[in-house]
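Inside the fold
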Amino acid sequence: MKKLLLLAFVGFVMAQCSNDFDVSAPWKEVPVVYGILSPKDTAHYIRIEKAFLDENVSALEIARIADSLYYPEGAITVFLEEKGNASTKVQLSRVDGVKEGITRAEGIFATQPNWLYKYKNIGTTPYIKPDKKYSLIIKRTDGKPDITAETTIPGNFIFQVPNPQALPARINFSKNGFQDISWRTTESGVYFNITLIVRYRDEDAMGNTLARHELIWPALKNTRRSNVKQTNGLYNADATLTGAAFFDFLTQNIPASIGEFRYFERMDMILEGGGLEIEQLVISNNINAGITGSEASNAYTNISEGFGILTGKNVTSLTNVFLGSVTVDSMNTNILTRPLNFKY
Amino acid sequence: MKYFYSIFLLTLFSHTLAIGQKGDKGSVRGYVYDKATAQPIGFATVKLDGANFGANTDINGFFTITNVPTGQYKLVANYFGYTDFNLEIEVKKGEIIFQNIYISESGAQLGELVISGKKEQAKGEVQISKLVVTPKQIRSLPSAGGQADIAQYLTVLPGVVFTGDQGGQLYIRGGSPVQNRIMLDGMTIYNPFHSIGFYSVFETELIRNVDVLTGGFNADYGGRISAIVDVKTREGNRKRMSGLVSSSPFLAKAVIEGPIVKLRDDNDGSVSFVLTAKKGIISQTAPKLYEYVNDSVGIPFDFQDVYGKLSFTTGNGSKINLFGFNYEDGVDFPIADFGWKSTGGGMDFTLVPNNSNTIMSGVFTYSGYDSRIEEADRLERTSGINGFYAAFNFSNYGRNDEIKYGIEINGFGTKFQFVNFKNFVIKQDEYTSEINSYIRWKRKIGPLVIEPGFRLQYYNSLNDVSPEPRIGIKYNVTDKIRLKAAGGLYSQNLLSTVNERDVVNLFVGFLSAPDRVYEPGTNNTVSTKDRLQKSRHAVAGIEIDVAKNIDLNVETYIKDYSQLISLNRFKEKQDDPDYFVETGKAYGIDISGKMEMKHAYIWLAYSLGYVNRYDGKQTYPPVFDRRHNMNIVSTYQFGKNESWELGARWNLGSGFPFSQTQGFYSNYQFNGGIGEDIPGGNPDLGIVYAAERNGGRLPYYHRLDVSLKKIIKFSKFSNLEVTASCTNMYNRPNIFYFDRVRNTRVNQLPILPTLSATFQF
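Calculation criteria
Residues numbered from 1 in each chain as written. Chains lettered and ligands numbered in written order. Predicted model: local features only at pLDDT ≥ 70, side-chain atom pairs only at ≥ 80, totals over all residues. Helix = DSSP H or I, 4+ residues; strand = E, 2+ residues; numbered from the N terminus. Rg over C-alpha atoms; globule rule 2.2 N^0.38 Å. Buried ≥ 20, exposed ≤ 12 C-beta atoms within 10 Å, placed from the backbone. Contact = placed C-beta atoms within 7 Å. Nonpolar A, V, L, I, M, F, W, Y, C, P; charged D, E, K, R; others polar. Pairing = 2+ DSSP bridges. Core = buried A, V, L, I, M, F, W, Y, C linked by C-beta atoms within 7 Å. Axes fitted to C-alpha atoms, helices over the stretch in contact; angles between N-to-C directions. pLDDT = per-residue confidence, 0-100. Arc of directions from axis to C-beta.

What about the overall build of chain B?
Broken down by element type, chain B carries 5 helices and 47 strands. Computed over C-alpha atoms, the radius of gyration of chain B comes to 27 Å, within 12% of the 27 Å expected from 2.2 N^0.38 for 761 residues, which places it in the range of a compact globule. Projected onto its principal axes, the C-alpha coordinates of chain B cover approximately 100 × 65 × 50 Å. Across the 761 residues of chain B, 48% fall into the buried class. Within chain B, contacts between residues separated by at least 24 positions form 64% of all contacts whose residues are at least 6 apart in sequence.

Okay, structure coming up:
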């Protein structure tokens, strides 16, 4: 009898032990918003999604279902306005990026449709203006609070080196040398990328042009401005490009000469600067890459609830930059770049 | 503070504290050994016949009877299952008689007298939050994988929580592994458990006893804020060559031991050795025997342990041991490749002076531990800790008093390195040293046993002294009911970088004294001296001898972790401190009962525990907070000469906490800066964790293990032990981990039948 009771007890305890559990917290809407506003764009796109969750299906499978990523049509209305100027308030339209020629790259998430919220400039007048603060307002039709975000667009950047007043502006690279770049920015321009559009032509021995080429060199990423405000209200920023990096880029992207002669043509230097939000996000990512990475909190966001960032950027280009003879001389003494057969 | 410390040390070593015999009296002391093996016998009764003087031997077989009036006595020693020992002695004024006692087995089984000896000892010692584990107990447990091991036995003790069959960690009354000190003959072992979780580095055959101090421990232990596990090994056979070879699908092992200088006369000296080696073979046998386990992954655990000891013992009980070890472990899961290596060595000694009541012991060791893990993302983390430890201990015995004091010097360096997802190498190398001293005094006053203690921990790298009073009290209410209580302050300067979100929680990065630490919930950094981790313990309990062979022990405890150093998960800027302070509490009640009969043994332990942490923003349960934990262990011997033994163990544990998933999202990381392509990019998958930390609970864990053992005797010393065992008898699918992204669950080990054999000679 005692044994039976014991068995019954064990059976009872085991029966009580459900082996199921809830890996997911109760459903909660988590908006995910990303947008970069630029005065140089003619159309402005904001990506608005929501976090998804399914208790029974792999997240990788759900991520392939577009309907699970986006708010359904009519669930939200999206507005942009210049802060403090209600008359500038405009509504963004829901568009399929695919139909606009913006196809999402292959990856974890569904590529079609690629729902975005768009506002197109009217005529040639830019809607987004430098140094202005803009608000994004997402109204939810189910009565939940608005989702909001704000950002200030960086002012136009002013090149110092190379000197844009010099005609032409000039830079030089040598094997072990450096080329300094410096510029000035308003307070809201914080993080910068520098890109060089490198152009060259092929000629035959008679001096006939055989072909013209254009290469895009992403020379620097995430360069930060100084924190010291100058008397003119601007901030200085500088960066250094190395000759070695430039030559590496050339050897990786230009095939060795098979007899043709090559000549550099004028280059463009493009300076892209982003808002403080980019810096905050990159810093929070870096923290997650540090010793506390496994325990660090979620990534930075300036969206009132949820994840993502709204930020502004500006772009200033310096065109017709002249590449000095030092560069070509140095290339011709370098065992790696000599086969490219650049001449001056 | 340094002045205060110096005064304490001077006081400690002044012999004004010495207690001992009165001028016109003498003492009798010695060891009780098994005549055949020369191994010490614990809990034997030694008395002076015709006088009210006696003592029980401790686990080392040592006894001392002090303040004996001069005269002729008959020294009697007995232990059930052994022939009695009688010797006429004459106690002279001021003299100490040293007498080794060798007794022979009579063939009867262990029984009432042992129980009686243990109960006498229970009356005279506080024994709160202290569990003494013997090799016999370890071997009686139905062993997972067919080989008995302390790692499996620890999990059946009240207050001990083990987080899994594979890659589990040991938590003791709310203390994480780094807060529990595991010692082998005085040496700290930083990772004593192999990754498979069934086996420790300790060789069961070599263990003399294991003291598990789950809280409220006295001043002779320190440097950790939660618990102590003190493993002591025996010497090699001093009389003859002996050993064993053993094999199971999980591991193969061999032990060889014997005399180099044989013990010839009972009061003679000897030199002996013991060498043990074991190797995990489950990764090779699993594809053939357990193809169904872990799908195609198998059971990819490897380990090998080698330990050697050389013992020099004199006729009066003084001894020196030299020892060394090399332990290695490795596991190769698809999601993580993990391995560690631990090496070390040292010596310990015990001096038993002929004309003093003070016994001196000491230990000098050096050990190193290196581990590395490479996860599916191929980013490597490595951690190393190595250092020395030296200690001198003095024990002084009186009739109703016992005083123990000592000093320890401890120095260690930690090296931690990992590669983050941006391929940056992050390194942290530190060195620290500690000088610690303690005094512990035990006094019996009628039915009361009081045991005050005081410990000073001096942390050199922090220039900080931590004065730590301790106390233990026992009151023998009746012959069968004993009340007890203990408490104290504790500190430590070692922390770990265990990642609670690791899928397989194998890797522990050791660190000491971080440079800067935030106060909880603030942006204020704490001062240099406050970087210690601290706790306060209070324990109260009752022991009841329900019947002659049934004991019940109930203890309630609280551990207040007033300062814990943790990774700063609220770090917002790169130059913010990597660490911050948390506080926490662990409290609960542990109930254990055992019934020892001639042929059967039943052990039942239940723990109700609560553990929480406060990080300045929320109070949350850590990942090892198990509310209910119950273990039932039973063995039954039967057949001719009790050569058959049937064993069963059932464990039930409530689910561990974890942070639930709130959702998944497109996670643009802006690694390319402002050039990020928002409209056309396809970023990484981000996980949104629920705001409530560890708000979810895994399902209950339960598992039944059974074993059937047969001993076939060939001669007095040789036998074959064959064990058939079955782990997870009813194939409970206990959860191992859950892959949130793929929504797949991986379970712990399923039903595992094993057959093992051990030949002893």
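A short note on the overall build of chain A
Counting secondary structure elements, chain A contains 6 helices and 17 strands. Here the C-alpha radius of gyration of chain A, 27 Å, is well above what a compact globule of 344 residues would show, namely 20 Å. Along the first, second and third principal axes, the C-alpha atoms of chain A reach 105 × 60 × 45 Å. Scored against the burial criterion, the 344 residues of chain A give a buried share of 35%. The long-range share in chain A, meaning contacts at least 24 apart out of those at least 6 apart in sequence, stands at 70%.

What about the interface of chain B and chain A?
Chain B puts 55 residues into the contact, and the matching count from chain A is 65 residues. For the side of chain B that touches chain A, the element with the highest residue contribution is strand 40 (residues 661-667) of chain B, accounting for 6 residues. Here the residues of the side of chain B that touches chain A are counted per class, giving 22 nonpolar, 24 polar and 9 charged.

What to know about the sheet that holds strand 15 (residues 227-233) of chain B
All names here are of chain B. Taking strand neighbours across the sheet as the criterion, the 5 strands line up as 9-14-15-12-13 in an open arrangement whose pairing is mixed. Whereas interior strands pair on both sides, the edge strands pair on one side only; in this sheet they are strand 9 (130-133) and strand 13 (187-188). Here 2 bridges tie strand 12 (residues 180-184) to strand 13, and the two strands are oriented antiparallel to one another. Opposite Met-183, over in strand 13, you have Thr-188 as the bridge partner.

Remarks on the environment of B:Val477
All names here are of chain B. Structurally, the position occupied by Val-477 is in the loop between strand 27 (464-476) and strand 28 (481-492). Along the backbone, Val-477 and Ile-542 are 65 residues apart, and their C-alpha atoms lie at a distance of 9.9 Å. Ignoring any residue separated from it by four or fewer positions in sequence, one finds Val-477 in contact with Arg-482 and Leu-483.

Considering the nonpolar core
Counting 94 residues, the largest nonpolar core has B:Ile150, B:Leu154, B:Val212 and B:Val229 as the members making the most contacts within it. With residues near it in sequence (within four places) discarded, B:Ile150 still touches B:Val133, B:Ile138, B:Ser200, B:Phe202, B:Thr204, B:Ile207 and B:Val210. The next biggest cluster of nonpolar side chains, apart from the first, holds 73 residues, and it includes A:Ala237, A:Phe247, A:Phe264 and A:Ile309.

Remarks on unusual backbone geometry
A:Pro113 follows A:Gln112 through a cis peptide bond whose omega is -10°. The omega torsion across A:Leu167 and A:Pro168 is -5°, close enough to zero to call that bond cis. Relative to the helices and strands, A:Pro168 is located in the loop between strand 8 (158-161) and strand 9 (170-171). Phi angles above zero are rare outside glycine, and B:Asn694 is one such case at about 50°. Mapped onto the fold, B:Asn694 is located in the loop between strand 41 (684-689) and strand 42 (696-697).

Considering the sheet that holds strand 6 (residues 85-91) of chain B
Residues and elements named next belong to chain B. Pairing in this open sheet of 4 strands is antiparallel, and the strands run 3-2-5-6 from one edge to the other. Looking along the sheet, the strands with just one partner apiece sit at the ends: strand 3 (53-56) and strand 6. The average undirected angle you get between the axes of adjacent strands in this sheet is 20°. Note: strand 2 (residues 45-49) against strand 3, 4 bridges, orientation antiparallel. The residue bridging Thr-45 from the neighbouring strand is Asn-56, located in strand 3.

Considerations on the pairing of strand 3 (residues 76-82) of chain A
All names here are of chain A. When strand 3 meets strand 6 (residues 133-140), the two strands line up antiparallel, connected through 7 bridges. Across the sheet, Leu-80 pairs through a bridge with Leu-136, a residue of strand 6. Judged from the 3 bridges that link them, strand 3 and strand 4 (residues 90-96) form a sheet pairing that is antiparallel. When the bridges of strand 4 are listed, Phe-79 appears paired with Gln-91.

Remarks on the environment of B:Leu322
Residues and elements named next belong to chain B. Within the secondary structure, Leu-322 is located in strand 20 (residues 319-332). Overall, the presence of 15 C-beta atoms within 10 Å leaves Leu-322 in the partly exposed class. Ignoring any residue separated from it by four or fewer positions in sequence, one finds Leu-322 in contact with Leu-310 and Met-347.

Let's talk about the environment of B:Gln169
In this structure, B:Gln169 sits in the loop between strand 10 (160-162) and strand 11 (170-172). Spatially, the C-alpha atom of B:Gln169 lies 29 Å from that of B:Gly472, the residues being 303 residues apart in sequence.

Quick word on the confidence of the model for chain B
Residue and element names in this part refer to chain B. For chain B, per-residue confidence averages 86 on the pLDDT scale, and residues scoring 70 or more make up 90% of the total. Mean pLDDT values over the elements of chain B span from 51, in helix 1 (residues 2-13), up to 96, in strand 28. Reported confidence for the predicted complex is 0.88 by ipTM and 0.84 by pTM.

Examining the confidence of the model for chain A
Summing up the model confidence of chain A, the mean pLDDT is 90 and the portion of residues at 70 or higher is 91%. Ranking the helices and strands of chain A by mean pLDDT puts strand 4 of chain A first, with 97, and helix 1 (residues 2-16) of chain A last, with 55.

Quick notes on helix 4 (residues 243-253) of chain A
Residues and elements named next belong to chain A. Those residues of helix 4 lying buried are Gly-243, Phe-246, Phe-247 and Leu-250. Seen along its axis, helix 4 keeps its buried residues to an arc of 95°; they face one direction. Of the exposed residues in helix 4, the ones pointing more than 90 degrees away from its buried face are Gln-252 and Asn-253. Those residues of helix 4 that are buried lie in contact with strand 13 (235-242) and helix 6 (325-332).

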